[in-house]
Each structure stands twice: as structure tokens, then as C-alpha cells.
Amino acid sequence: MKKLYRGLFNVCIWIIVGLLAGCQCNCNTPVFSFDVTADMREFANTEHLTPEYFKGACLAILKTGKGAFMVSPGDIDPPDCVYDMVNTVLGPDYPWYPVIGNHEAETPEDMEWLRKYGREKLLDHVSAGPEGSEETTYSFDYKNSHIVVINEYYDGQSDTGTNGDISDALYEWVKNDIEGTKKPFIFVFGHEPFISLPDIDNGRHRHKGDNLDEHPRNSHRFAELLRQHRITAYINGHTHNFSYAKINGIWQIDAGHARGTGDMGARSTFLKVYVGINNCWIEAYRLDHNTNTYLVTNIISLS
């Protein structure tokens, strides 16, 4: 009888251990992932269709396993070339969510294309932005996450009216949008960082003072809003340098550039964002110029 009890006891222990292991596995298994590329600019056009440039980043994303969608936080001009490259490499049904950068805002034909893209490709499944920026500011839910894309060049009337700011109208729209979600993970995408940080590898530093900090009152108000609502991360482009830091309680992730060898001042980069049940992390892939391959250089835990 004692042997029977001991056997049952051991079986129970193994069942408990198995359940605990399963829970741990589930916690570390992502619910989904998505990809981030920024500032490829002219290195997806007809003169740069080879793997040395943006195409190489797309091919690496395909090789590592493309996520559910891609977000590109600005300086994507000409946007039609970037869209064509994403479609060619990652598939015609792969969702692409563009963010307005300063180079798009200053180029009328880019804005015309992006407004049309918003109307034809996005507005049937996203929440439109405020009046005057309906197609270039938007949000959507995906599984357990809420994604917010903002146009920092919207001044309350025109979607190209500022030099990079969080206008009153944009702030109010973001506030109402974030307050309306119950998703545990919230990602906000804009082009310009709160402050410019140097590249994490070589220290290159660009756009000092030419960011949201150029308008400190609005920037601080926006940061406080994101902090109050405990957003998971604010992800940006603009500097062409990859960096990450917690700034006043907010994760700022600068996606760097995805130009390949089109910008040798800092390594070409793309991000894979993994969202789990209770945790979230980012793998940063950077171009190794010795092997011409993208390798994971940093893993950022956002939980």
C-alpha cells in the first residue's frame, strides 16, 4: 500500500511539474510578432532594387519569419516603391502600415499617394484620425495589442502643417483613442523621437534638438499622457541610428534605418517585436558588413 501511495504521490508531482512547465512555456511563447523598418527613403526605388539596400532587409525578414504586419515609422519616400518592395518580397497580402516622416510631409506627391493608400488600403479596418489627418493618423487592434500611428506634421487642419510636433488636435485624438482601448499592450508610432540618442554601436548622433523636444511643452504633455496609460513602447525613426532607452518611464525605441549599405554611417536595422500573453520583447537585427547578413545584436525586454 505504501508503494502505491508513493507511486501516486510521484505521479502527482510530475503532473504539477508538467503544468508549471507548460505555464512557463505559454508565458514565453509569443501570441504574435510584427516587423518594423524605418528611413529606407530612396533605397527602395528602381535604382536600388538589389539586396544591398532595403530589399536585403525585407529578404532577412522573410528568412527569419515575417510577422503579422510591418510598420514603417517615416521617411519612406517614395512610398510607392517601398510598398512595391514589401509586396514583392513579403507577399501581396502582407499588411504595411506607413507613418508620415518629414520627407513625406514636404513632398506633395508623396502625401497624395499616402492619403490615397490610407483611403484604399487602411480605412476599412482602422480607426481614422482627426479631421484633416484621417488617412495619415490611425489606430487598430491586433490580438492583445493596440497600435497607434500618428502624423506629427498635422497642425489641426493640415496634415503637413508643422515641422514635427504634437498639436492640440493630435494630442486630443491620441488621448481619446488610448483611453478607449482595453488591450494590455499599446504601441505608439511616430517619426520623431522625444530626444535624439546616439547609435548604440558607434555613437553617431544626428538631429540633436530637431525632434519633439523642439516643442517642449507639447512634448512633455504627450510624454505624460503615454506614461499615465503605461504604453508598452513609443517607436520612432528620423535619426537613422538604432537606440533604445527608458525616458521618464517611457520606452523610446529608435528603429534606425533600413537602407542596407545606402547609409554606412550606422548599421542597417530592422526590428521584430514579439508580444506574448504577459510579456513583450524586441529583437534588433543589424547588418553585419563582413557577412552581408542581418544578425540579432540586441534583445530588449519591454515587460
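To keep things clear, this report deals only with the structure shown in the data block. (Residues numbered from 1 in each chain as written. Predicted model: local features only at pLDDT ≥ 70, side-chain atom pairs only at ≥ 80, totals over all residues. Heavy atoms only, no water.)

Things to note about the sheet that holds strand β9 (residues 242-247)
Thought 1: Ordered by their spatial adjacency, seven strands build an open sheet running β4-β5-β6-β7-β8-β10-β9, and the pairing between neighbours is mixed. Two strands bound the open sheet, and with one partner strand each, they are β4 (127-128) and β9.
Thought 2: Relative to strand β10 (residues 250-255), β9 runs antiparallel, the two sharing six bridges. Bridge assignment links S243 to a residue of β10, and that residue is D254.
Thought 3: Helix α7 (residues 216-228) rests against β7 (185-189), β8 (233-236) and β10 of the sheet, and its axis sits at about 110° to β10. (Pairing = 2+ DSSP bridges. Helix = DSSP H or I, 4+ residues; strand = E, 2+ residues; numbered from the N terminus. Contact = heavy atoms within 4.5 Å. Axes fitted to C-alpha atoms, helices over the stretch in contact; angles between N-to-C directions.)

A few points about the nonpolar core
Thought 1: Counting residues in hydrophobic clusters, the biggest one holds 60 residues, and the most contacted among them are F34, F54, F187, F189, I253 and L302.
Thought 2: Ranked by the residues each element gives to this core, the list is headed by helix α3 (residues 79-90), at seven residues.
Thought 3: For F34, the contacting residues outside a window of four places in its chain are G67, A68, F69, I147, F187, F189, L271, K272, V273 and V275.
Thought 4: Core analysis: the next-biggest nonpolar cluster, separate from the first, contains 20 residues, I166, F222, A223 and L226 among them. (Core = buried A, V, L, I, M, F, W, Y, C linked by side-chain atoms within 4.5 Å. Buried < 20%, exposed > 50% of the residue type's maximum accessible area, 1.4 Å probe, protein only.)

Considerations on the side chain of R286
Thought 1: Following the sequence through the fold, R286 ends up in strand β12 (residues 280-288).
Thought 2: Note on R286: relative accessible area 0%, which makes it buried.
Thought 3: A polar atom in the side chain of R286 sits 2.8 Å from the side chain of D199.
Thought 4: Within the local environment of R286, its side chain forms a polar contact with the side chain of T269, the two groups lying 2.8 Å apart.
Thought 5: With residues near it in sequence (within four places) discarded, R286 still touches D199, I200, D201, F242, A266, R267, S268, T269, T293, Y294, L295 and T297. (Polar contact = N/O pair within 3.5 Å; in protein donor to acceptor, adjacent residues only side chain to side chain.)

Here's the deal with the sheet that holds strand β13 (residues 293-301)
Thought 1: Pairing is mixed across the open sheet formed by six strands, whose spatial order is β3-β2-β1-β11-β12-β13. Each of the sheet's edge strands pairs with one partner strand only, and the pair in question is β3 (96-98) and β13. For this sheet, the mean inter-axis angle between neighbouring strands, taken without regard to orientation, is 25°.
Thought 2: Relative to β13, β12 is paired through eight bridges, and the arrangement is antiparallel. Of the residues in β13, the one forming a bridge with L287 is Y294.

Overview of the packing of aromatic side chains
Thought 1: Inspection of every chain in the model, using the stated rule, returns 25 aromatic pairs.
Thought 2: Ring geometry for Y83 against Y117: centres 5.2 Å apart, planes inclined by 70°, an arrangement best described as edge-to-face. You can see Y83 sitting in helix α3 and its partner Y117 sitting in helix α5 (residues 108-122), a full 34 residues away along the chain.
Thought 3: On the numbers, 4.8 Å between centres and 5° between planes, the contact of F270 with Y285 is stacked. Within this pair, whereas F270 is found in strand β11 (residues 269-275), its partner Y285 is found in strand β12, the two being separated by 15 residues in sequence. For the residue pair F270 and Y285, the accessibility class agrees, reading buried in each case.
Thought 4: An aromatic cluster is built from F32, F34, F69, Y97, Y138, F140, Y142, F187 and F189, whose rings are joined through pairwise contacts.
Thought 5: Here the basic side chain of R221 rests over the ring of Y171, its NZ or CZ set 4.3 Å away from the ring centre. (Phe/Tyr/Trp six-rings, centres within 6.5 Å; stacked < 30°, edge-to-face > 60°. Lys NZ or Arg CZ within 6 Å of the ring centre and 35° of its normal.)

By themselves, these are just geometric observations and shouldn't be taken as functional.
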